[in-house]
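Letter by letter, the chains look like this.
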Amino acid sequence: MSEPETAPPAPSPAAAPGTAGVSPGEGPRVARRFRLTRARVAGIALLSILLLALAHTLLWNLMGARLQAGYDAWAAARRAQGWRIEHAAPVRGGWPLSATLRLPEFRLSGGGATVPGGIDWSARAVVLRVAMHRWGELRVSAGGPQRLRLGAAEIPFAADRLTARMPLQANVVPRGGEFEALRLRIGTPAGGMEVGSAALGFDSRMSAIEGEAAVTLEGVVENVSLPVATPLGSAIRAVRIDAEVTGPLPGGRNPTNRAATWRDAGGTVELRRLELEYGPATAQVAATLALDEALQPMGAGTLKLAGAEAVLDALVQGGVVTARNATLARRVVGLLARPLAEGEPPVLEVPLTLEARALSVARIPVARLPPLVWPGPVEGSGPGP
């Protein structure tokens, strides 16, 4: 006789998360404890976010105040030196990624002791910026139409981007920086010219002694559209410079005195490379320059010119050089030009000299430079040169 079948046990209700293996009487208490723990974690996370936001806001305000104080100190020092600085009420901004100080309708003028007639620069706005992740770097940008006056020369200009980057240190004037320009448009008496891009870096060392670099300068300018076409074309592909000023940089406000002191201390300008890519030619100049007894530039160097024959052809077509003179010049180029490496075009290499304002190429005078006029006489002497 078979045994009666027994019904399977009824399924138990689903246990709350985290209550597996808990007796039926303790299940609700465990579930309630779990919900409280989850709410506590969410509350802590929210509080942490609020504290971080508060700390970020406090830091942003601190950086903005520091930026304002640094600018005020710089402006006060410049005004004490005789400069004139004007602008509308400063406006802080940049939150949350940076602290900025916008100076609308900015104008800086002065420097009459250095540049005859002085300097006057005005911009629609100048913006000082410190990024939250780069506390040690100050960025200065200027936008909109601008105007620069150097003496009697008025230069209107504008750029898609015009920025300077320099180290930011408390109570220390930056001794170097980097400048960038993109699509710089400049007005000239002959018409408008445009610079596609420009980058310039410089560094200075006020404690330099004789033979040491006091100022270094390195930069490149590319895609320059000239206001007037020449026989070599209306566009310069590139200009590159690598130079340094050696010797101690004397202080004082008299430029003539400072130049004489720098000259007497053995100061020089080392032009390691000045390169020009223009039309069919590529020219490189390396030279060492100084000041003579009359505080006029003097020095010697070397010119390397690739594409000399193509330049002569362009000058003949432009009517600058006669065909006869070009033929004679080609003979000289053929005798002096040498390829720098196998398979490369020949390069003409000739010495340069500058003495008594006369520039000579291969000992042949080609130009006489205008006199360099220094503002103010040398102290203790009669009128300056």
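Residues numbered from 1 in each chain as written. Predicted model: local features only at pLDDT ≥ 70, side-chain atom pairs only at ≥ 80, totals over all residues. Heavy atoms only, no water.

## Considerations on the overall build of the protein chain
Looking only at helices and strands, the protein chain features four helices and 17 strands. For the protein chain, the proportion of its 385 residues judged to be buried stands at 27%. Nonlocal contacts in the protein chain, meaning residues at least 24 apart in sequence, comprise 49% of its contacts between residues at least 6 apart. Carbon and sulfur atoms provide 63% of the accessible area of the protein chain, an area that totals close to 23900 Å². (Helix = DSSP H or I, 4+ residues; strand = E, 2+ residues; numbered from the N terminus. Buried < 20%, exposed > 50% of the residue type's maximum accessible area, 1.4 Å probe, protein only. Contact = heavy atoms within 4.5 Å. Areas by Shrake-Rupley, 256 points an atom, 1.4 Å probe, with all protein chains shown as cover.)

## Some thoughts on the packing of aromatic side chains
Inspection of the entire model under this criterion finds three aromatic pairs. Relative to F202, the ring of F179 has its centre 6.0 Å away and its plane inclined at 20°; by these criteria the two rings are stacked. Of this pair, F179 sits in strand 7 (residues 176-188) while F202 sits in strand 8 (residues 191-204); the two residues are 23 residues apart in sequence, bridging distant segments of the chain. Overall, F202 belongs to the partly exposed group, its relative accessible area being 30%. (Phe/Tyr/Trp six-rings, centres within 6.5 Å; stacked < 30°, edge-to-face > 60°.)

## As for the environment of P227
Here P227 shows up in strand 9 (residues 213-230). Take P227: its relative accessible area is 32%, and that puts it in the partly exposed class. Put simply, P227 and G191 are 36 residues apart on the chain and 5.0 Å apart in space, counted from C-alpha to C-alpha.

## Points about the confidence of the model for the protein chain
Averaged over the protein chain, the pLDDT score is 85; the fraction of residues at 70 or greater is 86%. Here residues 381-385 scores under 50 on pLDDT; set against residues more than four positions off or in separate chains, the count is five contacts. (pLDDT = per-residue confidence, 0-100.)

## Quick look at the side chain of Q296
Take Q296: it is sitting in the loop between strand 12 (281-291) and strand 13 (297-306). Discounting residues that sit within four places of it in the chain, Q296 has contacts with A290, L291, R357, P371 and L372.

## Notes on the pattern of salt bridges
Within the structure shown, the criterion is met by 20 salt bridges. Close ionic contact of E137 with R134 constitutes a salt bridge, the shortest N to O distance being 3.7 Å. A relative accessible area of 41% places R134 in the partly exposed class. Here R240 and E277 are joined by a salt bridge, their closest N and O atoms 2.9 Å apart. With R240 in strand 10 (residues 233-246) and E277 in strand 11 (residues 268-278), the pair connects residues that are 37 residues apart, well separated along the chain. (Salt bridge = Lys/Arg side-chain N within 4 Å of Asp/Glu carboxyl O.)

## A few points about the pairing of strand 16 (residues 358-361)
Note: strand 15 (residues 346-355) against strand 16, four bridges, orientation antiparallel. Within strand 16, the residue paired with L354 across the bridge is L359. Where strand 15 folds back onto strand 16 in an antiparallel hairpin, the turn is made up of two residues, including A356, whose phi is positive at roughly 55°. Sheet topology places strand 16 next to strand 17 (residues 364-368); four bridges connect them, and they run antiparallel. Note that in strand 17 the partner of V361 across the bridge is I364. Linking strand 16 back to strand 17 in an antiparallel pair, the connection comprises two residues, with A362 at a positive phi of about 55°. (Pairing = 2+ DSSP bridges.)

## Points about a nonpolar patch on the surface
There is a patch of nonpolar side chains on the surface, built from L47, L51, L54 and L58 and spanning about 410 Å² of accessible area. By secondary structure assignment, the location of L47 is in helix 1 (residues 27-80). Relative accessible area serves as the criterion here: at 49%, L47 is assigned to the partly exposed category. (Patch = residues over 30% accessible without salt bridge, like charges linked within 9 Å, V, L, I, M, F, W, Y side chains within 5 Å.)

## Quick notes on the nonpolar core
Of all hydrophobic cores here, the largest spans 20 residues; its most connected members are Y71, F106 and L128. For L128, the contacting residues outside a window of four places in its chain are L67, Y71, A99, T100, L101, L138, R139 and V140. In this structure, A283, L305, V333 and V350 belong to the second largest nonpolar core, which totals eleven residues. (Core = buried A, V, L, I, M, F, W, Y, C linked by side-chain atoms within 4.5 Å.)

## A word on the pairing of strand 7
As paired strands, strand 6 (residues 153-167) and strand 7 are joined by eight bridges and run antiparallel to one another. Its bridge partner lying in strand 7, L162 is registered against A181. Direction of pairing for strand 7 relative to strand 8: antiparallel, over a ladder of twelve bridges. Each bridged residue has a counterpart across the sheet, and for L182 the counterpart in strand 8 is S197. Where strand 7 hands over to strand 8, the hairpin turn is made up of two residues, counted between the paired strands.

## Section: unusual backbone geometry
The residue after W95, namely P96, is reached through a cis peptide bond having omega 10°. Checked against the element boundaries, P96 lands in the loop between strand 2 (91-93) and strand 3 (98-110). Of note in this structure, R183 is not a glycine but carries a positive phi near 50°. We classify R183 as partly exposed; its relative accessible area is 35%. Non-glycine residue A356 carries a positive phi angle of around 55°. You can see A356 is positioned in the loop between strand 15 and strand 16.

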